[in-house]
Structures are given as structure tokens and as C-alpha cells.
Amino acid sequence: MKNHLLALVAALSLAGLAPAQAATFTGVVGSTSATVADFSADGLIAFDIDFTSLTSATLGYTIGAMDAGGLSFNAMLRNFTGAGLEGFTFGLSSGSFGSLGTVTRQFGGASVIDFNGGNATVSFSPLEFLDVEIGDPLLAGAGRLDWTILGLNAGDTLNITVSAVPEPETLAMLLSGLGMVGWIVRRRRQA
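Figured I'd write up the structure that's included with this text. (Residues numbered from 1 in each chain as written. Predicted model: local features only at pLDDT ≥ 70, side-chain atom pairs only at ≥ 80, totals over all residues. Heavy atoms only, no water.)

Here's the deal with the packing of aromatic side chains
Applying the stated criterion across every chain yields a total of 9 aromatic pairs. Note on F25 and Y61: the rings are 5.3 Å apart at their centroids and 55° apart in plane angle, and the pair reads as tilted. In this pair, F25 is assigned in strand β1 (residues 24-29) and Y61 in strand β4 (residues 56-62), connecting sequence segments 36 residues apart. Since its relative accessible area comes to 0%, Y61 is described here as buried. Measuring from ring centre to ring centre gives 6.4 Å for F73 and F97, while their planes differ by 50°; the resulting arrangement is tilted. One end of the pair, F73, is in strand β5 (residues 69-79); the other, F97, is in strand β7 (residues 96-99), with 24 residues separating them in the sequence. Here the aromatic residues F47, F73, F90, F97 and W147 are joined through ring pairs into a cluster of three or more. (Phe/Tyr/Trp six-rings, centres within 6.5 Å; stacked < 30°, edge-to-face > 60°. Helix = DSSP H or I, 4+ residues; strand = E, 2+ residues; numbered from the N terminus. Buried < 20%, exposed > 50% of the residue type's maximum accessible area, 1.4 Å probe, protein only.)

Below, the structure is given as C-alpha cells:
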């Protein structure tokens, strides 16, 4: 009995020496047509999002003791919509962006980053039709820098909302199409 008790104490001691759990991906909040793959690790929130429609995706995380205070952030954003995008927006439910690293586009062009606390907008000129790397998700180095998220406490729930911003013409076509569908439904009801 004494040996079992000593073994239990030793196991608990070794468990205490194990690294504290970092930010844990809890899943996509709400429904979305985007596919998400999480690659987070100690000190890092990292994910890939495949956008198949002009929508937003909200990813949920629980902050572990190891990541209290701040952590690095990077993402791969894939545009499978076929539409040109003016940019992406990022919103944090808690904490704030401390510093913004790099944005890498597939075919070049200018990227302007504007951030204020827990919100950041990346604007493109000309429009972007393919992949965008936020920070250094492919560990390519070459001057690519991750973003940082600060002001988090152990146990906090962090939701990161990523939204694709379509070009105005795409949005106008979408709204006119919805208006046309509404008009057709109304005519059918009257008939």
C-alpha cells in the first residue's frame, strides 16, 4: 500500500513538472462555411481558414497558464470564393493586438494594416484572389514576423473573428441578387 501511495505522489509530482497547457482550440463558434485547421502550440495561436463563401469565421480558444499575458499569432487565409477581396478584418473578444507583423500575398501588391485594440483590418491594393499569410504560418522566415496578442489571463475565453471583405462590386451584385429573389417571391405570392 505504501509503495502505491509513493508511486501516486511521484506521478503527481512529475505531472506538475510537465509544461502548462497553452491556448487550447475549442472549435468554431456558430456555423460557418469556412474550413478551419488549428496548429496552435505553446506561446502561439496558429490556424488555416479556407473561405468557401463571403462569410466570417469565429474561432474559440481557452487561454492556458503558459500563455497568460501574451502570445504570438499567425494564420493562413485561403480564398476559395473566386471573388476579389479588398481585405480581411480580425476581431478579438478579449485582449488586444500588441504588434502586427507581416502580411504576405500570393501575387504581391500593397497591404495596409490598421489596428486599434482588439480590432485589425488588412486592406489590399489591388484586390487579392488567392492566399494571404498573416505573420509567418509556414515558418519561412525571410523577414516574416508573427503578430502578437496581449492582455490575456489564464482561463480567459478568446474568440477570434476573421471576416473576408469583398470588393464593392461583388457586394452590390450579392445585394441586387437578393433583391431580385425577394421580388420574385413576392410576385409568386400575389399570383
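Let's talk about the environment of L130
Among the secondary structure elements, L130 is positioned in the loop between β10 (119-128) and β11 (132-134). Sequence separation between L130 and Q106 is 24 residues; the distance between their C-alpha atoms is 6.4 Å. Residues within four places of L130 in sequence aside, it is in contact with L77, N79, Q106 and F107. (Contact = heavy atoms within 4.5 Å.)

Regarding the sheet that holds β10
Read across the open sheet, the 6 strands follow the order β1-β4-β13-β6-β10-β9; overall the sheet is antiparallel. Across the chains shown, the open sheet's two edge strands, defined by having one partner strand only, are β1 and β9 (110-116). Geometrically, the sheet is characterised by an average inter-axis angle of 15° between neighbouring strands, direction not taken into account. In this structure, β1 lies alongside β4, joined through 5 bridges in antiparallel fashion. Looking at the pairing, V29 lines up with T58 of β4. (Pairing = 2+ DSSP bridges. Axes fitted to C-alpha atoms, helices over the stretch in contact; angles between N-to-C directions.)

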